[in-house]
Amino acid sequence: MAAWQKDLEEVKVLLEKATRKRICVALTAEISKIETEIKNKMQQKSQKKAELLDNEKPAAVVHFTERSFDLLVRNLNGKSYSMIVNNLLKPIFVEVSSKKVKTDTVLILCRKKVENTRWDYLTQVEKECKEKEKPSYDTETDPSEGLMNVLKKNYDAEDDDMKRTINKAWVEARQKQAKGDTKF
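In short, a report on the structure. As the structure is a computational prediction, the values presented were derived from the model and not from experiment.

## Some words on the sheet that holds strand β2 (residues 68-76)
- Pairing within the open sheet is antiparallel, and its three strands lie in the order β1-β2-β3. Sheet topology places β1 (59-65) and β3 (79-85) at the edges, where each strand pairs with a single neighbour. Direction aside, neighbouring strands of the sheet carry axes that sit 10° apart on average.
- In this sheet, β2 lies alongside β1 in antiparallel orientation, the contact comprising seven bridges. Paired with A60 across the strands is V73, a residue of β2.

This is the structure:
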């Protein structure tokens, strides 16, 4: 392509120097012909590049460490995707862990170092987040107080409309209780 570009530049220089009309017309036609050639060559190159990308199958590569794995999927619909999972809940065997690539799925198989153990979570972070959400039960206090704490935590998590509904039900229950009507 560089040769075509140099030819184009040289013909343009000649056109600038030309004084006769017939020579100018011939050089202008030659410039047009060279520009068309350059354009066609560029289209052919981009077409070949696109064909190579289309022919290249998606590839999945996984890198394992004792406490993490990294998945890289290349050329899936022309794009690359990456997924990194760090801080696994427990260690895995790097040598025995593997992947299986199916038509629409990549299955990652991590071999646990300690067999016959259940992982309720994939990562340590996930475990910590879920355990923060669990209500804490204090066995030394009044059981109804624990229930009230759970209800209070749920109430605090609700939106304003739900809080109004709960408040209305609470007031109505208190009013019935004050009247001596214990049927709810």
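## Here we look at the nonpolar core
- One finds A60, V62, F64, F69, L71, V73, V85, L88, L89, I92 and W119 forming the largest nonpolar core, which totals 11 residues.
- The set of elements that each furnish at least two residues to this core consists of β1 and β2.
- Not counting residues within four places of it along the chain, the set of residues in contact with W119 comprises L88, L89, K90, P91, I92 and K112.
- Core analysis: the second largest hydrophobic core is formed by six residues, L8, V11, L27 and I34 among them.

## Some remarks on the pairing of strand β5 (residues 106-112)
- The pairing of strand β4 (residues 92-101) with β5 spans six bridges and is classified as antiparallel. Within β5, the position partnered with F93 by the bridge is R111.
- Connecting β4 to the antiparallel partner β5 that follows it, the hairpin turn spans four residues.

Quick notes on the rules
Residues numbered from 1 in each chain as written. Predicted model: local features only at pLDDT ≥ 70, side-chain atom pairs only at ≥ 80, totals over all residues. Heavy atoms only, no water. Pairing = 2+ DSSP bridges. Helix = DSSP H or I, 4+ residues; strand = E, 2+ residues; numbered from the N terminus. Axes fitted to C-alpha atoms, helices over the stretch in contact; angles between N-to-C directions. Core = buried A, V, L, I, M, F, W, Y, C linked by side-chain atoms within 4.5 Å. Buried < 20%, exposed > 50% of the residue type's maximum accessible area, 1.4 Å probe, protein only. Contact = heavy atoms within 4.5 Å.

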